[in-house]
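Residue-level listing of the chains:
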Amino acid sequence: MTDPGSNLRRRQRKERLFRAAGFFATGVGVLFLGVFFTSLVAKGASAFTQTYIKLEITLSSELLAPGGEYDSLAADADAVVRNALTRLFPEVTDRSGRRDLARLVSIGAAYQVRELVEARPGLLDSTVSLWVPAAASIDMLVKGQVDASLGQSLRRVSDAQLNWVRELRQQGLLERRFNSALFTSGDSSEPELAGIRGALVGSFLMLVVTLSLAFPVGVAAAIYLEEFAPRNRWTDIIEVNINNLAAVPSIVFGLLGLAMFINLFGLPRSAPLVGGLVLTLMTLPTIIIASRAALKSVPPSIREAALGVGASRMQTVFHHVLPLAMPGMLTGTIIGMAQALGETAPLLMIGMVAFIVDIPGGPMDPSTVLPVQVYLWADSPERAFVERTSAAIIVLLAFLIAMNTFAVIMRRRFERRW
């Protein structure tokens, strides 16, 4: 005869082992998540600052306005910047030394001079103080990501540039400031000038298109299938296909968008409108399935009570069932939009991998999105793009958290009404 006490102890031992396995699995997940975020912040935090060098720049009309008036095509802003650097270090006279000296600052310094003269042409032949961005290699040096103890052949910064950076620091002409260009500029081949504004705007426009189409269509389809559609072979086929579409690889939707929206309908490549249409097709199954589950969770007594007091089928669904199911529908929409925000493969198929410098002004303008921007920067050989890749991922996660927070707040507002 089996001892009841031993059976109880055996069950309790199994329960303790199961709890321990659960705690271990949770701990491992939290550990990996912590390592991921620690590594991400360690690599990307420095991208939110940029090294700047203060120059006393003489806006010579001979170089900037050789014809008497400023002409952006004829203006030699690079020579103006080089002259300012030469005045800081007059001892540099040889050609190779001046070439290294010019590499202290970014090519963005010349753009900055042009923009200043275009905005204020009266400053010609005067001297102004400008904080200009340092070159990517100098920025990496100042941030401690270049080992100065290595030999000159093993680093991108020469010994002379090391000495010049030390002198600039001692004179107070070199500072690290908040990198506003990261949020105000589009993409660039120069790391110190590259920004994510174009990708942010492109992601926002694409999500607006996706949400505007996927949410109403997905909810309407779920209401029809759950509340009005007859139970027959055709609705069974539709349900099976919806469930299958939720498991289709995302790149297949990219191929569909390429064939339909671009090749057949002639919509522009790399446009947020096309990206939104492709992601709408991809997120619709998720929203429909979640919305149907939310409708099923509404107690049948709600429907029976509404019908019992004389409400029509339409009034029952839209006045009583739908408001109660809306929080669950919003949850499904959050999941679908989060999936859309992080997708890259289908967008690569419709040309959103193109190098886009200009900020898109509408859903038909060429654009890129944050996940694709991360992909492009991660593939770049420039070391300075490593920190910008991590910074873009941080911004992407913040964007996702902000979007989800807004959706959760809206969901709770619906929950408080009932």
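Keep in mind that what you see is a predicted model, and the values were worked out from it rather than measured. (Residues numbered from 1 in each chain as written. Predicted model: local features only at pLDDT ≥ 70, side-chain atom pairs only at ≥ 80, totals over all residues. Heavy atoms only, no water.)

Engineer: So what's going on with the overall build of the protein? Which residues, and what values?
Structural biologist: Within the protein, the secondary structure is distributed over 17 helices and three strands. Here the C-alpha radius of gyration of the protein, 30 Å, is well above what a compact globule of 418 residues would show, namely 22 Å. Each of the three principal axes of the protein carries a C-alpha extent, and together these read 95 × 65 × 40 Å. Within the protein, the proportion of its 418 residues that are buried is 42%. Of the contacts formed within the protein by residues at least 6 apart in sequence, a portion of 77% connects residues at least 24 apart. Of the roughly 22100 Å² that the protein leaves accessible, carbon and sulfur atoms contribute 61%. With 39 positive and 34 negative side-chain charges, the protein shows a separation of 14 Å between the mean positions of the two kinds. (Helix = DSSP H or I, 4+ residues; strand = E, 2+ residues; numbered from the N terminus. Rg over C-alpha atoms; globule rule 2.2 N^0.38 Å. Buried < 20%, exposed > 50% of the residue type's maximum accessible area, 1.4 Å probe, protein only. Contact = heavy atoms within 4.5 Å. Areas by Shrake-Rupley, 256 points an atom, 1.4 Å probe, with all protein chains shown as cover. Lys, Arg positive; Asp, Glu negative; His and termini not counted. Charge placed at Lys NZ, Arg CZ, Asp CG, Glu CD.)

Engineer: Account for the packing of helix 10 (residues 233–245) against helix 12 (residues 272–296), naming residues and giving values.
Structural biologist: Between two packed helices, what matters for the description is the angle formed by their axes and the separation of those axes. Where helix 10 meets helix 12, the closest approach of the two axes is 8 Å, and the angle between their N-to-C directions is 120°. Between helix 10 and helix 12, the interaxial angle falls into the category oblique. Here helix 10 runs over helix 12; the crossing is left-handed. Listed contacts from helix 12 to E239, I242, N243 and L245 of helix 10 are P285, I288, I289 and R292. (Axes fitted to C-alpha atoms, helices over the stretch in contact; angles between N-to-C directions. Parallel < 35°, antiparallel > 145°, perpendicular 65-115°, else oblique. Left-handed = near helix turned anticlockwise from the far one by under 90°.)

Engineer: Kindly report on the pattern of salt bridges, identifying the contributing residues and their values.
Structural biologist: Per the counting criterion, the structure on display carries 11 salt bridges. Between R19 and E15 there is a salt bridge; the shortest N-O distance is 3.3 Å. Of this pair, R19 and E15 are both found in helix 1 (residues 4–44), four residues apart, which corresponds to roughly one turn of the helix. Here R19 falls in the exposed class, since its relative accessible area comes to 53%. For E15, a relative accessible area of 44% translates into the label partly exposed. (Salt bridge = Lys/Arg side-chain N within 4 Å of Asp/Glu carboxyl O.)

Engineer: Break down the nonpolar core for me, with residues and values.
Structural biologist: One broad trend across soluble globular proteins is that nonpolar side chains are buried collectively. Ranked by internal contacts, the top residues of the largest apolar core, which has 41 residues, are I53, L55, I57, L59, L104, V105 and V113. Put simply, the parts of the chain that give this core at least two residues each are strand 1 (49–58), helix 3 (77–88), helix 5 (108–119), strand 2 (127–133), helix 6 (136–142) and helix 7 (159–170). Dropping the residues within four chain positions of it, L104 is found in contact with I53, F89, A134, A135, I138, Q161, W164, V165 and L168. One finds A194, L279, A340 and A391 within the second-largest nonpolar core, a separate group that totals 34 residues. (Core = buried A, V, L, I, M, F, W, Y, C linked by side-chain atoms within 4.5 Å.)

Engineer: I'd like a rundown of the side chain of S137, residues and numbers included.
Structural biologist: Structurally, S137 is set in helix 6. By relative accessible area, S137 is classed as buried at 19%. Each residue touching S137, except ones within four places of it in the same chain, is listed here: V146 and V157.

Engineer: Break down unusual backbone geometry for me, with residues and values.
Structural biologist: Not every positive phi belongs to a glycine, and D125 is a case in point at roughly 70°. Positionally, D125 belongs in the loop between helix 5 and strand 2.

Engineer: Outline the packing of aromatic side chains, supporting the account with residue identities and numerical values.
Structural biologist: Under the defined criterion, the tally for this structure stands at six aromatic pairs. Pairing F89 with W164 gives two aromatic rings, centres 5.8 Å apart and planes at 40°, and the pair type is tilted. In this pair, F89 sits in the loop between helix 3 and helix 4 (95–102) while W164 sits in helix 7, placing the two residues 75 residues apart along the sequence. Residue W164 is classed as buried on the basis of its relative accessible area, which comes to 7%. Among the aromatic side chains, those forming a connected cluster through ring pairs are F48, F178 and F183. One residue, R177, lies across the ring of W131, its end atom 4.3 Å from the ring centre. Cation over ring: R233 sits above W234, and NZ or CZ is 5.3 Å from the ring centre. (Phe/Tyr/Trp six-rings, centres within 6.5 Å; stacked < 30°, edge-to-face > 60°. Lys NZ or Arg CZ within 6 Å of the ring centre and 35° of its normal.)

Engineer: So what's going on with the pairing of strand 2? Residues and values would help.
Structural biologist: Counted residue by residue, strand 2 has five buried out of seven residues, so it is predominantly covered. Across seven bridges, strand 1 lies against strand 2 in antiparallel orientation. Bridge assignment links E56 to a residue of strand 2, and that residue is S129. (Pairing = 2+ DSSP bridges.)

Engineer: So what's going on with a nonpolar patch on the surface? Which residues, and what values?
Structural biologist: On the surface, a cluster of nonpolar side chains totalling about 390 Å² of accessible area is made up of Y224, F228, M314 and F318. Counting residues per element, the ones that place at least two in the nonpolar patch are helix 9 (197–228) and helix 14 (313–341). Note that Y224 resides in helix 9. (Patch = residues over 30% accessible without salt bridge, like charges linked within 9 Å, V, L, I, M, F, W, Y side chains within 5 Å.)

Engineer: Run through the environment of R176, naming residues and quoting values.
Structural biologist: By the element assignment, R176 lies in strand 3 (residues 174–178). With 127 residues separating them along the chain, R176 and T49 place their C-alpha atoms 6.1 Å apart. R176 has contacts with S46, T49, Q50, T51, V142 and K143, leaving out every residue within four places of it along the chain. Side chain to side chain, R176 and T49 meet in a polar contact 2.8 Å long. (Polar contact = N/O pair within 3.5 Å; in protein donor to acceptor, adjacent residues only side chain to side chain.)

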